Each structure stands twice: as C-alpha cells, then as structure tokens.
2 protein chains.
Amino acid sequence: MSRKKEILKTATLLFATNGFKETSMAEVAKASNVASATIFYHFNTKDDLFLSVLSNVKDSILEEFSHYFGEKKFASGLEMLDASVSFYLYLAGSKTEWFLLLHRYYPYKLAEENEICRRYLEDIYNCFVDIFEKALSEGQSDGSVRELSPRKTALVILSTVDGIVRFKNCNLYDAGALYNELIACIRQMAANQNQKQ
Amino acid sequence: MSRKKEILKTATLLFATNGFKETSMAEVAKASNVASATIFYHFNTKDDLFLSVLSNVKDSILEEFSHYFGEKKFASGLEMLDASVSFYLYLAGSKTEWFLLLHRYYPYKLAEENEICRRYLEDIYNCFVDIFEKALSEGQSDGSVRELSPRKTALVILSTVDGIVRFKNCNLYDAGALYNELIACIRQMAANQNQKQ
DNA sequence: AGTCGAACTGACTGATGAATCAGTTAGTTT
DNA sequence: AAACTAACTGATTCATCAGTCAGTTCGACT
C-alpha cells in the first residue's frame, strides 16, 4: 500500500475512535510509520486530511451500496426494506470506523462552514435514504407497504436504524441484541396490514 | 446567580455547541466574566468541570420528566406513548444544549473509564426508556398496544426519537418537519391493530 | 556520469492551553 | 481593630501540537 493510503487508513481509524481534535498529527504519523512532515507533504493541513478521510469513506459507502443493490432483486418492496435495514446493520458491524466517524459531531460542525464537507455528508445520507425510499415506493406499487409518504418515512426509518447503531457504538445498551426487534418494528411500521400473511 | 452556577451554565453551552476539547478554560472564563483561575478554584480539573456539567444536566432532565409525568393521567397506554414522544421532542427543542451535549461522543468516551460519568449517562437514558416502557406495558394491559417486548420496543422507540433529534441538531435534514410523521410511525409500530378506531 | 524532481525527514517555531501559585479582596467572627 | 477565611485573580509554567523549512534520498531520464 502506498504511504498516502496508509496514512489515510490509520487517520480514519484514529479520527473515528479518538476524535479529530483528540488525535495529533504526530500520532497519525507514528501509527503510519512515517515522519510527521510526510503527512504535510501529502495533505496540506489537518482539516485537509480529515476531508480526504471523509471523501474516502463516502466513496467506500457508495460503492458498497451500489455493489449490493446493483444486481439484487426482491420479492416485494417490504422484502427490500428488510434487506436494506439488514445490510445497513451488517455494514455498521463490519466497518465500525465509518459509522463511528459519522456519529461524531466534528464533520457536521465542519459542514456548517465547509461546502465540500457538507456535500460529502449529504451524499452519504442520501444514499441511505434513497434506498429506503425506493423500497417503500416499490412496496406501495406491489401492495406490500401501507399508505405513507415514502421520503418522510424513509427518514424516520433511517433515524431508527442509525440511532440503534449509535447506541451500540456508545456502549450504553446491548443494542446488538435488538436487531430482530428492530426489523420487526420497522416491518410493522411500514407493512400494509390489509394484505398481511 | 452565584459565580459557580454561572460558570456551570456557560460551560454547558460551550461544551455542547463547540465540544469539550474545542473549548478552552480561558473561553469559559471569559464568557462567565471570571478569571481562568477562578474556575480551577471551584472545579479541580477540566474533566471535573465536565462531570459537574453532566451531573447538572442529568438532574435537570430527571426533574423535568418527574414533573411532567408525576401527575398526568392518560386515556390509554398508547396515548401515553404519544405524549412521551411529544414531550421528548418538546424538551429537545427547548433545551437544545442538553441534547447537543448528549449527542457528542466525549461523554461516552469518558464513560469507558469513568464510572461516575457512565452512571450519569445510564440514569439519563434509563429515564427515557422507562417512560416508553411503562407506556407500552400499560397499553398492553388496556389493549391499546399489540403483543411485543416492552423493554426492547422502548429502546427501538428511543433510538428513533433520539435519531430524529440528532439529525435535526446536525442540520442535515429538516428533521423538524418530520415530527408528525414520526408520531404516526411510532403509533403504527406499537398499536394493537385489532382494536383500532 | 550528471541532472531533475518527487517523496520523504529531523529539527525547529510560535501559539495555545491546562494547571499552579503567591498573592489580594471582602465579609465575618472575636 | 485584629484575626480568620472563602472567593477570587494576574502572572507564570510547562507540555503539546499544527505547521515550516532546509535539507537528504532515490529512481528516471538524458
């Protein structure tokens, strides 16, 4: 792996687990087996490094989603919704750093003044919402999903799933034990009761 | 107001809006019209100040909840659930600092090594979950709520409501516009369909 | 062999920030 | 008025950290 990618990878991990302000460039350098000045050769400033990290995370997430949903077919919109939620939970479990980073406040604070940062975050969250919305819309067409506003409900579902993941990462509750309950609740929330099997 | 309380109040606001590491003791001092050294007279260390802030927020939240739910009576468990969610949203809107603070990562990071901090956070979140759980349990008794695990479902509901509030505070979506949708979704999630009016 | 440039580094700098300390002030007690 | 004390402060200390700079290394091209 090139030095630059190595730096990006360790920075992602450190920013995610310890925070942006809490991580010094010297730490990143040491963990990457590189001199501090090397980081400044590849990235102009610390904020610059952070934006590269976020951009990288964004690309990876978008790729994971398009890879998973690009081919797959579902029996119904409701089935697709189930699968989307499960996939989100699977990703959150296997790429913990990404979600830890997204559950920090720094990116959103930076987004207030930095258009590029804002764009990255919007891309990521729109990717999530779009999938849920698509599932709900298709579900309404095939009759598996009840009458509701697909976009708004998709946002409510995202906040539920994202909330559970956040709780899990915060180690407050054993939120991992809630996955089955979560899927059931979301199904209940969206399902068309009249044609339930 | 005593100097100590003044410091506590401005520190709450600054830690919540700018973060713990991002806020210097000098800033807190200036915003409180006090010399830096005065803060160290009242609070031994910066972490100490943070714990006092959190303790204060915890007490306030617990008091708000016991005040609101101490007297009130509800027509059914489902009605109580509605009211609980609405009250949570109302609080999040009027005491933004509290929720901004709780949506930062620092408290949870500190809780990993500091038993007292952990206890404060647990007290706060248990207060939330307990109310939702009580509403669900009572709803099952009076038949307004479907068959489900009250505790687990309460946690799912908390993650939904908390997730929405977090989105709102992060300025990503106009999550405020989702409140009606949110209440409807949660009702749909919990309601007993057989006896719906 | 000699030149060039990209990648990299050790040593440094200036700024900032938590914490300390030797006091001063003002209110209360004796 | 003298003694005591809680509240408060200006000046200072020491560590850390983002960023700079004057170089070195090394492979590619001429």
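A brief look at the structure comes next.

Remarks on the protein's contact with DNA strand D
For DNA strand D, the set of nearby residues contains 14 residues, the closest of which are Lys 46 of chain A together with Arg 3, Thr 38, Tyr 41 and His 42 of chain B. A distance of 2.7 Å is found between a phosphate oxygen of DNA strand D and a side-chain nitrogen or oxygen belonging to Arg 3 of chain B. Taking Tyr 41 of chain B, its side chain carries an N or O atom lying 2.5 Å from a phosphate oxygen of DNA strand D. Among the elements that line the surface near DNA strand D, the one with the most residues is helix α3 (residues 36-42) of chain B, at four residues. Residues that form the surface near DNA strand D fall into these classes: seven nonpolar, five polar and two charged.

Here we look at the packing of aromatic side chains
Scanning the model with the defined rule gives 38 aromatic pairs over all chains in all. Between Phe 99 of chain A and Phe 128 of chain A the ring centres are 6.3 Å apart and the planes differ by 15 degrees, which places this aromatic pair in the stacked class. Note that Phe 99 of chain A is positioned in helix α6 (residues 96-102) and Phe 128 of chain A in helix α8 (residues 115-142), a separation of 29 residues in sequence. The pair Phe 99 of chain A / Phe 128 of chain A is uniform in exposure class, with both members buried. With centroids separated by 5.5 Å and ring planes inclined at 85 degrees, the aromatic side chains of Phe 167 of chain A and Tyr 125 of chain B adopt a geometry described as edge-to-face. A residue pair is termed interchain when its members come from two chains, as with Phe 167 of chain A in helix α9 (residues 150-170) and Tyr 125 of chain B in helix α8 (residues 115-142). Assigned by exposure class, Phe 167 of chain A and Tyr 125 of chain B land together as buried. In textbook terms, an aromatic cluster arises when at least three aromatic residues are bridged by ring pairs, as seen for Phe 65, Tyr 68, Phe 69, Phe 74, Phe 87, Tyr 88, Tyr 90, Phe 99, Tyr 125 and Phe 128 of chain A together with Phe 167 and Tyr 173 of chain B. Its end group placed over the ring of Phe 43 of chain A, Lys 4 of chain A keeps NZ or CZ at 5.5 Å from the ring centre. In this arrangement the basic side chain of Lys 46 of chain B is found over the ring face of Phe 20 of chain B, its NZ or CZ atom lying 4.4 Å from the centre.

Considerations on the relation of the copies chain B and chain A
Mapping chain B onto chain A leaves a residual RMSD of 0.0 Å; the transformation is a rotation of 180 degrees accompanied by 0.0 Å of translation along its axis. Both copies are brought into coincidence by an operation consistent with a two-fold rotation axis. Scanning chain B for the C-alpha nearest the rotation axis identifies Thr 160 of chain B, at a separation of 1.9 Å. Looking at the interface residues of chain B, 100% of them are also at the interface in chain A, so both copies use one shared face.

Rules used throughout
- Residues numbered from 1 in each chain as written.
- Chains lettered and ligands numbered in written order.
- Predicted model: local features only at pLDDT ≥ 70, side-chain atom pairs only at ≥ 80, totals over all residues.
- Heavy atoms only, no water.
- Near = heavy atom within 4 Å.
- Polar contact = N/O pair within 3.5 Å; in protein donor to acceptor, adjacent residues only side chain to side chain.
- Helix = DSSP H or I, 4+ residues; strand = E, 2+ residues; numbered from the N terminus.
- Nonpolar A, V, L, I, M, F, W, Y, C, P; charged D, E, K, R; others polar.
- Phe/Tyr/Trp six-rings, centres within 6.5 Å; stacked < 30°, edge-to-face > 60°.
- Buried < 20%, exposed > 50% of the residue type's maximum accessible area, 1.4 Å probe, protein only.
- Lys NZ or Arg CZ within 6 Å of the ring centre and 35° of its normal.
- Least-squares fit on C-alpha atoms with pLDDT ≥ 70 in both.
- Contact = heavy atoms within 4.5 Å.

Keep in mind that these numbers describe shape and distance, not what the molecule does.
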